[in-house]
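For reference, the chains in residue letters:
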Amino acid sequence: MDDRLLVTASPHIRDNTTTAGLMGWVLAALAPCAVAATILFGWRALLLIAVTVFACVAFEYLWCLLLKKPIPVGDLSACVTGVILAMNMPVGMPLWIAVIGAFVAIIITKQLWGGIGFNFANPALVGRIVLFLGFAPRMTAYVYPAAASDALAGATPLAASVDRSAVSLLDVFLGVHGGMLGETCALACLAGLAILLYAGVIDAWIPCSILGSAFVFTLLITGSLHVALVELCSGGLLFGAVFMATDYVTSPLTAKGKLIYGVFIGLVTVLIRHFGGMNEGMSFAILLGNIITCLLNQYVHQTPLGWRKPQKAKKAAAEKEPAAAQGGAR
Amino acid sequence: MFKTLKRSAAGAAVPHEKGTAGMQTVQMPVPKEVLIPLQMHIGAPAEPCVQKGDSVKVGTLIGKAGGFVSANIHASVSGTVKAIEDVRMVHGVMAKAVRIEADGAQTPDPACVPPTVTDKAGLLAAIQACGLVGVGGAGFPTHVKLSAKVDTLLINGAECEPYLTTDAREMLECSDTIIAGIEAVMKYCEIPTCIIGIERNKPECIDLMCSLTRDMPGVTVKPLPMRYPQGAEKTLIESCTGREVPQFNDAGKPGLPADAGCIVMNVTSVSTLGKYLKTGMPLVAKRLTVEGDAIAKPQNIEVPIGTMYADVIAACGGIREGVSLGKIIFGGPMMGGAAPSADFPVLKQNNGLLLFSREKAVLPEPSPCIRCGRCIKGCPMGLEPVNIVECFNNKDFDGLKARCVDLCVACGSCTYVCPAKRLVSQNMALAKAWYLAEARKGGK
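In this text the structure is predicted, and so the values were computed from the model without any measurement.

Reading the values: rules and limits
- Residues numbered from 1 in each chain as written.
- Chains lettered and ligands numbered in written order.
- Predicted model: local features only at pLDDT ≥ 70, side-chain atom pairs only at ≥ 80, totals over all residues.
- Heavy atoms only, no water.
- Patch = residues over 30% accessible without salt bridge, like charges linked within 9 Å, V, L, I, M, F, W, Y side chains within 5 Å.
- Areas by Shrake-Rupley, 256 points an atom, 1.4 Å probe, with all protein chains shown as cover.
- Salt bridge = Lys/Arg side-chain N within 4 Å of Asp/Glu carboxyl O.
- Helix = DSSP H or I, 4+ residues; strand = E, 2+ residues; numbered from the N terminus.
- Buried < 20%, exposed > 50% of the residue type's maximum accessible area, 1.4 Å probe, protein only.
- Pairing = 2+ DSSP bridges.
- Expected span 1.5 Å × (residues − 1).
- Contact = heavy atoms within 4.5 Å.
- 1 Å grid on protein atoms, 1.4 Å probe; cavity = no way out; pocket = protein on both sides within 12 Å on 5 of 7 lines; lining within 4 Å.
- Points joined across faces, edges and corners; volume = space filled by probe spheres on them.
- Nonpolar A, V, L, I, M, F, W, Y, C, P; charged D, E, K, R; others polar.
- Core = buried A, V, L, I, M, F, W, Y, C linked by side-chain atoms within 4.5 Å.
- Axes fitted to C-alpha atoms, helices over the stretch in contact; angles between N-to-C directions.
- Parallel < 35°, antiparallel > 145°, perpendicular 65-115°, else oblique.
- Left-handed = near helix turned anticlockwise from the far one by under 90°.
- pLDDT = per-residue confidence, 0-100.
- Phe/Tyr/Trp six-rings, centres within 6.5 Å; stacked < 30°, edge-to-face > 60°.
- Lys NZ or Arg CZ within 6 Å of the ring centre and 35° of its normal.

Asks: Please clarify how a nonpolar patch on the surface should be interpreted in this entry.
Replies: Residues and elements named next belong to chain A. The grouping of F103, I108, L112, W113, F118, F120, L288 and I291 at the surface amounts to a nonpolar patch, some 780 Å² of accessible area in total. Secondary-structure elements contributing two or more residues to the nonpolar patch are α4 (95–110) and α13 (282–299). Inspection of the secondary structure assignment puts L112 in the loop between α4 and α5 (123–134).

Spelled out as structure tokens, the structure:
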């Protein structure tokens, strides 16, 4: 008999799901958006994606090499950040600015906080916001697809000059209008959502609560179903709700927390869009959501099986005398 | 949907691997020697009542219960007592054990006659005499469990651990003694209802139990979802009755199934009781599922208690040729322990022996937590493992208390589902032990 047996604590088997596997599914879910962007805006979209992905992976690799940390590139999380960041840029973005965005995302937002699992905000989101504030003219230099209808040939559906009740819902749904790479095509975002849900990467709480609350609040403010649907499909709302707000690290852990987080983001987005100084509010709403996440994790809990009201439990705990647990699973 | 908001408690979708479910139980040839520890249950160890050189028969009392929460121990083979010695048990503690050299005749002890039971006290005395413990894994003395006053008897046939099929075989091969045991417990303990919970991956067991219990008033069969851990006591109670075992009972002690009006018995326990009432033979043999990718002939095999793992492995054809043995697990792969060698005896509460090859035994390295919340979704008790481990790392007593770490049942679901392969449930166990120790000191 072999005397070098392995002795470990139970359980002795593991699920096949890995971090890299989950990130791989996210990349697969981003594929429809990348295809839609290439169709709508041309081949430069792919170039932009390639450059940001390369920059993100390179920054992460170099940083960990410099700090003599284990190289985490194999978990694909930097690739996901790269693709999402590219999806948040207009197609004409100069490549050197894209590289700055990657630096902000990977080094400043992710690695300075301790790498994967420790960042308090979504790296790609902070990259987007920094570029948006630092390079505003370039970030809003949208390119308009040749096929766009007259109303949308020179403005995004959310621009103040556009009469949203006259915009064709189909054009908005298919993404035939100006905007960032990933966010114009609602169809592709929904396909991505379907892939993520099918693979069990995310559950429906966050996207559904964001989209549902944004839709309801817009409906209440504008009173028009058409406008509410147009707003739902345009700007970063759909892309953000599916790919950015659902980032594991920066969203709450419990179902209840996710629901509150989603409704909060939906509400803030609508408030910024209708009462703030910007046409677009999604990125800032998600950032605020990221910030309240640690509060939600601290105070919003599941109810354990057999849990009783705190006063009773507290009193009982005072006299409590731990006995050997009888329970056991087979 | 609202249920999920309250508590996801989804459990884990573990593989079934029930390849031995269709195999008739094989009787193991009598081993040359058995080593019977006097501590195979929760509670006080039994006191040895034989001496070196004594001759014993199958069913002879060799260890007398050392208190109320304790159990009798009987010889599992006929032969001669070779020694009473201190041995290290497989989980590390020392215990007295009786080493018996078998004569191979397996002569039953003439003192083993069916008990006469007329009331509850008589039944409990009979159970105590036959040394019955919760053979599903916990090893809790059954007579202590049955002394509570309840209204529902739950029979646990979930067998949610992968690989194990001993309970399934018990239901298919010994259904008559299961029914006899259920009838006895319901009659003498005055329990009006009985629910037999069986996971849906055992349709033939569900069909058989349904047909046998059709004419029994108060007895129903409840098919359970195929999510690990359906067989965990508190999960089973909630699945079958909708009741929750409270965290603390009215006396402030940790809640027991009796606080929810339930007693849970494993099918094999209740069947052993039925057999004892019929034949008078106490718990001396146990069916084991011997499985894994390193065993030559996977099978269900009935072995005398105290048989060495090495003998069981040899009886199942030994290690598969060309495979390097990496791990021996007693019990299932989710909650069973890993043995440092094959030189340990089979206990009353063991129900499986798994042999994994080195490739299967080596587990992936942990990577950083990505806070995906899968451990929270999976926890059958509705706990938040990721937060509990964080509190434990900060030695935050109040945080652990608020997050009810004492409710952890160590089912291992959180570690199983973790995509970063972190040792979540292992750290939960440390957190719970630390919390209970601090609470005993009066809390901080």
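Asks: Looking at this structure, how should I read the pairing of strand β13 (residues 285–291) of chain B?
Replies: Along any regular strand the residues' side chains alternate between the sheet's two faces. Residue and element names in this part refer to chain B. The buried fraction of β13 is high, at six of seven residues. Relative to strand β14 (residues 299–304), β13 runs antiparallel, the two being bridged by six bridges. Each bridged residue has a counterpart across the sheet, and for R287 the counterpart in β14 is E302.

Asks: What's the story with helix α15 (residues 424–440) of chain B in this structure? I'm lost.
Replies: Note: α-helices contain 3.6 residues per turn, so residues at a spacing of three or four share the same orientation. All names here are of chain B. Its 17 residues place the ends of α15 24 Å apart at the C-alpha level, agreeing with the 24 Å of an ideal helix rising 1.5 Å per residue. Those residues of α15 not exposed but buried are V424, S425, Q426, M428, A431, K432, W434, Y435, L436 and E438. Where α15 is buried, its residues meet α12 (385–393), α13 (397–402) and α14 (413–417). Of the residues one or two after α15, G442 is the one with positive phi, at around 105°.

Asks: Looking at this structure, how should I read the pairing of strand β8 (residues 94–102) of chain B?
Replies: All names here are of chain B. Across five bridges, strand β2 (residues 33–37) lies against β8 in antiparallel orientation. Counted as the bridge partner of I36 is V98 from β8. Of the pairings in the sheet, the one linking strand β7 (residues 79–88) to β8 comprises nine bridges and is antiparallel in character. Bridging across to β8, V87 finds its partner in A95. The hairpin formed by β7 and β8 contains five residues between the paired strands, and G92 there has a positive phi angle of roughly 110°.

Asks: Just checking my understanding: could you explain empty space enclosed by the protein for this structure?
Replies: It is the rolling of a water-molecule-sized probe over the atoms that shows where space remains empty. All names here are of chain A. Under the counting rule described, the total for this entry stands at six cavities of 30 Å³ or more. In this structure, the largest cavity spans a volume of roughly 330 Å³. Taken together, 21 residues form the lining of the largest cavity, with M23, V80, I84, D247 and Y248 sitting closest to its centre. Counting residues per element, the ones that place at least two in the lining of the largest cavity are α1 (19–41), α3 (77–87) and α5. A per-element tally of the lining of the largest cavity places α3 first, with four residues. Classifying every residue of the lining of the largest cavity gives 14 nonpolar, five polar and two charged.

Asks: Please clarify how the nonpolar core should be interpreted in this entry.
Replies: For soluble globular proteins, the rule of thumb is that nonpolar side chains tend to be buried together. Of all hydrophobic cores here, the largest spans 92 residues; its most connected members are L181, F239 and F243 of chain A. Top contributing element to this core by residue count: α1 of chain A, with 11 residues. The next biggest cluster of nonpolar side chains, apart from the first, holds 60 residues, and it includes V34, V56, M89 and A168 of chain B.

Asks: Quick question: what am I supposed to make of the packing of α4 of chain A against α5 of chain A here?
Replies: Residue and element names in this part refer to chain A. Packing of α4 against α5 leaves a shortest axis separation of 8 Å and a crossing angle of 130°. Looking at the two axes, α4 sits oblique to α5. As for how α4 packs across α5, the hand of that crossing is right-handed. Contacts between α4 and α5 involve I97, I100, G101, V104, A105, T109 and K110 on the former and, on the latter, P123, A124, V126, G127, V130 and L131.

Asks: Looking at this structure, I do not really get the confidence of the model for chain A. What am I missing?
Replies: Averaged over every residue, the pLDDT of chain A is 88; the share at 70 or more is 90%. Residue range residues 319–330 of chain A is modelled with pLDDT below 50. Its contacts to residues more than four positions away, or to other chains, number 43 contacts.

Asks: Mind showing me how you'd approach the sheet that holds strand β17 (residues 352–357) of chain B here?
Replies: Picture the strands of a sheet paired through backbone hydrogen bonds; they go either parallel or antiparallel. All names here are of chain B. Strand order across the open sheet formed by six strands is β1-β14-β13-β17-β15-β16, with mixed pairing between neighbours. Here the strands that pair on one side only, and so sit at the sheet edges, are β1 (26–27) and β16 (337–339). Across two bridges, β1 lies against β14 in parallel orientation. Its bridge partner being in β14, V26 is matched across the sheet by I301. Across the sheet, helix α4 (residues 166–173) lies against β13 and β14, angled at about 125° from β13, the strand it touches most.

Asks: What is the right way to look at the packing of α1 of chain A against helix α8 (residues 186–199) of chain A in this model?
Replies: The axes of two packed helices give the description: the angle between them and the distance between them. Residue and element names in this part refer to chain A. Packing of α1 against α8 brings their axes to within 8 Å, and their N-to-C directions diverge by 165°. Considered as vectors, α1 and α8 are oriented roughly antiparallel to each other. Crossing of α1 against α8: the hand is right-handed. Here W25, V26, A28, A29, P32, C33 and A36 of α1 lie close against α8, whose contacting residues are A188, C189, A191, G192, I195, L196, Y198 and A199. For the contact of α1 with α8, the class distribution of residues is 14 nonpolar, one polar and no charged.

Asks: Can you walk me through the packing of aromatic side chains in this structure?
Replies: Any aromatic ring pair is given by two values, namely how distant the centres are and how the planes are angled relative to each other. Inspection of every chain in the model, using the stated rule, returns 11 aromatic pairs over all chains. Here W113 of chain A and F120 of chain A contribute two aromatic rings whose centre-to-centre distance is 4.9 Å and whose plane-to-plane angle is 70°, an arrangement assigned as edge-to-face. With relative accessibility at 47%, the residue W113 of chain A sits in the partly exposed group. Taking 5.0 Å as the distance between ring centres and 40° as the angle between the ring planes, the aromatic pair formed by F239 of chain A and F243 of chain A counts as tilted. Within this pair, F239 of chain A and its partner F243 of chain A are both found in helix α11 (residues 237–244), separated by four residues, close to a single helical turn. No difference in accessibility class separates F239 of chain A from F243 of chain A, as the two residues are buried. Three or more aromatic residues link up through ring pairs in this structure, and these residues are F392, F397, W434 and Y435 of chain B. It is K395 of chain B that lies over the ring of F392 of chain B; its NZ or CZ is 4.2 Å from the centre.

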